[in-house]
Structures are given as structure tokens and as C-alpha cells.
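# Inside the fold
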Amino acid sequence: KRRHDNDGKLRIMMDLHQFSAPMAKIAIRSYMDSLLSPRRKVYGKGDAVFIVGKGKRSEERPVLMPTILRLFREEFRIDVTVDKNNTGRVRLSKESIERFIKQKKWNA
């Protein structure tokens, strides 16, 4: 969904913190695939934000954050950052999105 972020800018934001790790991975893969679709809508003019939570309700330790970070880094080869202002959010920069699209279109 497109929502206003804490800084007031309109961004793509996906709330995953109620998802299981496998479902969150499916949602992110679907989003990343949609970036490559010829019929895709504009992905926004800024970063994409994935809300994963801080893991406070996990039984032992956080599950989603490490899973999502690993997915972006290992499967998509994209560096994402944990939001400095809210450590329950992962931020995919506009520049990383643009590089991903260019790289995948070049390899297609």
C-alpha cells in the first residue's frame, strides 16, 4: 500500500509483522516480481518500507527481521537497512529499487 511515512512522504509500505516468516517471504517476492512487470504501476518516488516488528512477541528471539534481511541480501543481492527511527522496519532505498530493476532487465 502507499501510505505516508513518519516524514510525511508517500511511500510503498508493507505491514508484515503479523505474517509468518514463510508468508512474509512470499509477500516480498511478490512485491519484487511486481517491480519487473511490464504492467507495473509506478513503485513510488521513494523508498519502500517493510514493517516486520521488533520481535517482542516471538517465543525465543525475533524471527521476521533476520529472515527478511537474509532474503534481501542472499536471494535478491540487495542491501536494505533497518530504519534508525523504528527498528521494527526495513527500508529498501529508491536507489536500490532502481538498480534492481535495471540489473534484472539487463539480464532478461
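Calculation rules
- Residues numbered from 1 in each chain as written.
- Predicted model: local features only at pLDDT ≥ 70, side-chain atom pairs only at ≥ 80, totals over all residues.
- Heavy atoms only, no water.
- Helix = DSSP H or I, 4+ residues; strand = E, 2+ residues; numbered from the N terminus.
- Expected span 1.5 Å × (residues − 1).
- Buried < 20%, exposed > 50% of the residue type's maximum accessible area, 1.4 Å probe, protein only.
- Contact = heavy atoms within 4.5 Å.
- Pairing = 2+ DSSP bridges.
- Salt bridge = Lys/Arg side-chain N within 4 Å of Asp/Glu carboxyl O.
- Polar contact = N/O pair within 3.5 Å; in protein donor to acceptor, adjacent residues only side chain to side chain.
- Phe/Tyr/Trp six-rings, centres within 6.5 Å; stacked < 30°, edge-to-face > 60°.

## Some remarks on helix α2 (residues 64-75)
Between its terminal C-alpha atoms α2 stretches 16 Å, which fits the 16 Å expected from twelve residues at 1.5 Å a residue. By the burial criterion, the buried members of α2 are L64, M65, T67, I68, L69, L71 and F72. Elements in contact with the buried residues of α2: α1 (21-35), β3 (48-51), β4 (81-82) and β5 (89-92). Trailing α2 by a residue or two, R77 shows a phi angle of about 55°, which is positive.

## As for the pairing of β5
Every second residue of β5 is oriented toward a common face, with R89 and R91 on one face and V90 and L92 on the other, all of them buried. Pairing of β3 with β5, which is carried by four bridges, proceeds in the antiparallel orientation. Bridged to V49 within β5 is R91. Sheet topology note: the β4/β5 ladder contains two bridges and is antiparallel. Paired with T81 across the strands is R91, a residue of β5.

## What about the pattern of salt bridges?
The tally for this structure, following the rule as stated, stands at five salt bridges. For R73, the salt bridge goes to D79, with nearest N and O atoms at 4.0 Å. For R73, a relative accessible area of 40% gives the class partly exposed. Across the salt bridge formed by R91 and D83, the nearest N and O atoms sit 2.7 Å from each other. Summarising the burial analysis for this pair, R91 and D83 share the class buried. The structure contains a network of salt bridges with shared partners spanning D47, D83, R89 and R91.

## Quick look at the side chain of D83
Structurally, D83 is set in the loop between β4 and β5. Within polar-contact distance, the side chain of D83 engages the side chain of R91 at 2.7 Å. The contact partners of D83, leaving out residues within four places of it in the chain, are R89 and R91.

## Digging into the packing of aromatic side chains
All chains considered together, the criterion is met by four aromatic pairs. Residues F50 and F72 carry aromatic rings whose centres are separated by 5.4 Å and whose planes lie at 55° to one another, so their mutual orientation is tilted. Separated by 22 residues along the polypeptide, F50 in strand β3 and F72 in helix α2 bring together distant segments of the chain. Take F50: its relative accessible area is 1%, and that puts it in the buried class. A residue is classified by how much of its surface remains accessible, and F72, at 0% relative accessible area, is buried. Aromatic rings pair up to connect Y31, F50, F72, F76 and F100 into one cluster.

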